[in-house]
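Single-letter residue listing:
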Amino acid sequence: MYWCSAVSNSPSLELAIEDVTREIIKKLDGKSPDLGFVFISSHHSSDYESINEKIKSKIPFKTIVGCSASGVIGEGKEFEYLPGISLSAGSLPNVNFKPFHFTQNDLPNPDQSPESWKEITNSDEENPKTIVLFPDPFSVRTEYVLDGLDFAYPNTKIIGALASGGSKPGQNALFIDDATYFNGCAGLLISGNFELDVLVAQSCRPIGEPMIVTRANNNVINELDNDLPIVAIKKLYDNLPEDEKYVMNNALQIGILMDRLGSIDDEITYMIRNISSIDKETGSITIGESITEGQIVQFHLRDSSAAQEELKKMLSEYESKNGEIIKSTLMFSSVGRGKYLLGESHHDINLYKNIIDDKSPITGFFSNGEISPIGDRTYLHGYTSSFAIFKESK
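Below you will find a few notes about this structure. (Residues numbered from 1 in each chain as written. Predicted model: local features only at pLDDT ≥ 70, side-chain atom pairs only at ≥ 80, totals over all residues. Heavy atoms only, no water.)

### Quick notes on the pairing of strand 1 (residues 2-8)
In terms of residue burial, strand 1 counts as a mostly covered element, since five of its seven residues are buried. One ladder, built from seven bridges, connects strand 1 with strand 6 (residues 85-91); its direction is antiparallel. Looking at the pairing, valine 7 lines up with serine 86 of strand 6. (Buried < 20%, exposed > 50% of the residue type's maximum accessible area, 1.4 Å probe, protein only. Helix = DSSP H or I, 4+ residues; strand = E, 2+ residues; numbered from the N terminus. Pairing = 2+ DSSP bridges.)

### Concerning the sheet that holds strand 12 (residues 185-192)
Strand order in the open sheet formed by six strands is 7-12-8-9-23-24, and the pairing between neighbours is mixed. The sheet is open, and its two edges are formed by strand 7 (95-102) and strand 24 (377-381), each paired on a single side. Taking each pair of neighbouring strands and ignoring which way they run, the sheet shows an average axis angle of 25°. By the bridge criterion, six bridges tie strand 8 (residues 130-135) to strand 12 in an arrangement that is antiparallel. Residue pairing for strand 12: isoleucine 131 is matched across the bridge by leucine 189. With respect to the sheet, helix 4 (residues 142-152) is in contact with strand 7, strand 8, strand 9 (157-161), strand 23 (370-374) and strand 24, its orientation differing from that of strand 24 by roughly 165°. (Axes fitted to C-alpha atoms, helices over the stretch in contact; angles between N-to-C directions. Contact = heavy atoms within 4.5 Å.)

### Here's the deal with helix 4
Among the eleven residues in helix 4, eight count as buried, and that is most of the element. For helix 4, the complete set of buried residues consists of Thr142, Tyr144, Val145, Leu146, Gly148, Leu149, Asp150 and Ala152. Check the buried side of helix 4 and you find it contacts strand 7, helix 3 (114-119), strand 8, strand 9, strand 23 and strand 24.

### What about the pattern of salt bridges?
Pairs can form between side chains of opposite charge whenever their charged atoms are close. By the definition in use, this model includes 22 salt bridges. Between aspartate 147 and arginine 377 there is a salt bridge, and its shortest N-O distance comes to 3.1 Å. Placement of aspartate 147 in helix 4 and of arginine 377 in strand 24 is noted, with a sequence separation of 230 residues between them. According to the relative accessible area criterion, aspartate 147 is partly exposed, its value standing at 38%. In this structure, the salt-bridge partner of lysine 391 is aspartate 197, at a minimum N-O distance of 2.6 Å. (Salt bridge = Lys/Arg side-chain N within 4 Å of Asp/Glu carboxyl O.)

### Some remarks on the nonpolar core
One finds Phe37, Phe39, Phe134 and Ile190 to be the most contacted residues of the largest nonpolar core, which totals 30 residues. Residues Ala216, Ile221, Ile291 and Tyr379 belong to the second largest nonpolar core, which totals 25 residues. (Core = buried A, V, L, I, M, F, W, Y, C linked by side-chain atoms within 4.5 Å.)

### Considerations on the side chain of serine 86
Topologically, serine 86 is positioned in strand 6. Its relative accessible area of 1% is what places serine 86 among the buried residues. Among the polar contacts made by the side chain of serine 86, one reaches the main-chain carbonyl oxygen of isoleucine 73 at a distance of 2.7 Å. Dropping the residues within four chain positions of it, serine 86 is found in contact with Ala6, Val7, Phe37, Val38, Phe39, Val72, Ile73, Gly74, Thr363 and Gly364. (Polar contact = N/O pair within 3.5 Å; in protein donor to acceptor, adjacent residues only side chain to side chain.)

### With respect to the sheet that holds strand 2 (residues 35-41)
Taken in spatial order, the six strands of this open sheet run 1-6-2-3-10-11, and their pairing is mixed. Looking at which strands have only one partner, the edges of the open sheet turn out to be strand 1 and strand 11 (179-181). Pairs of neighbouring strands in the sheet enclose a mean axial angle of 15°, with direction left out of account. Of the strand pairs in this sheet, strand 10 (residues 174-176) and strand 11 are connected by three bridges, and their pairing is antiparallel. Bridging across to strand 11, phenylalanine 175 finds its partner in threonine 180. Sitting on the sheet, helix 1 (residues 13-28) is in contact with strand 1 and strand 6, with an inclination near 155° to strand 1.

Here it is in structure tokens:
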């Protein structure tokens, strides 16, 4: 297994493609370009439909997949809201892969069988190592897709991120070989001789104490510890220092305790969700996730220092355990992270390279949501940086 990557921030698409393809050809050094990932900023949106054709005219990929982006990541650089194209190439003996595309109308009903979900991937592969997804957030219910694919492929790691760069339906692009789609979901099944590790870094720190949801309806929490959520929020606010009250007014989130941690080593893991609204009349809160009575939650604050410390801790712990050679990494970072939250460019990718690996290629983009597993389920995250780390099988 051999991977290489290249990135260009040239405002000229022709020059950018020339830059990245020339670099990839040089690094491949005659090896077969089997699989490619490509991410392209919305600055080049007028050429979306011809991009893969232009790339494949220079590098004859067997399969190339990707999507549009608000910014691209690669080779130690994070180009946020700037022109850019990021391309990786893999020469992959003993690895099988098959691309697919589907729309919301293609999805099975909730009561249909796992085989119905397997049909949308256009493959008879029973147990792929991983599925990579690039959904368009305007046209596909991603969380519904993840639940269905978890049902069909319980032993498969599902990763990916929501396409970005567009501000309304039809403006995001999904790339599969010679086709460009402006809705639905692009994906790739991969199986064979490799291993995959997935790391997810949140951007929040907990405040207050964990509480039990004592009354809820779908995504509305009516009671926490037998009291109104608005009362709990007010108590938190009153007990905070003045400088943190400002942060709470602008960055309050809620964490849902994940009680099915699988291989996670007794670590308290919260899935962070937005608080969509606070109803002052009923005292309830609406959050970005369905919730049931008995679940444990804790309020969190989105915070730059916490984001940096969590990523550093997570990468350091992984580095101390990982003794294998990394071949390639896909990095998906939230559009709400990066310089906007951390105060500097290239923060996450440089930290990864400094702690984990500064030799293997990294390719990715700034997304509208990151897809990765926690325990035995796959979730759509927000305000995270996620890393899909490809290694050769032992």
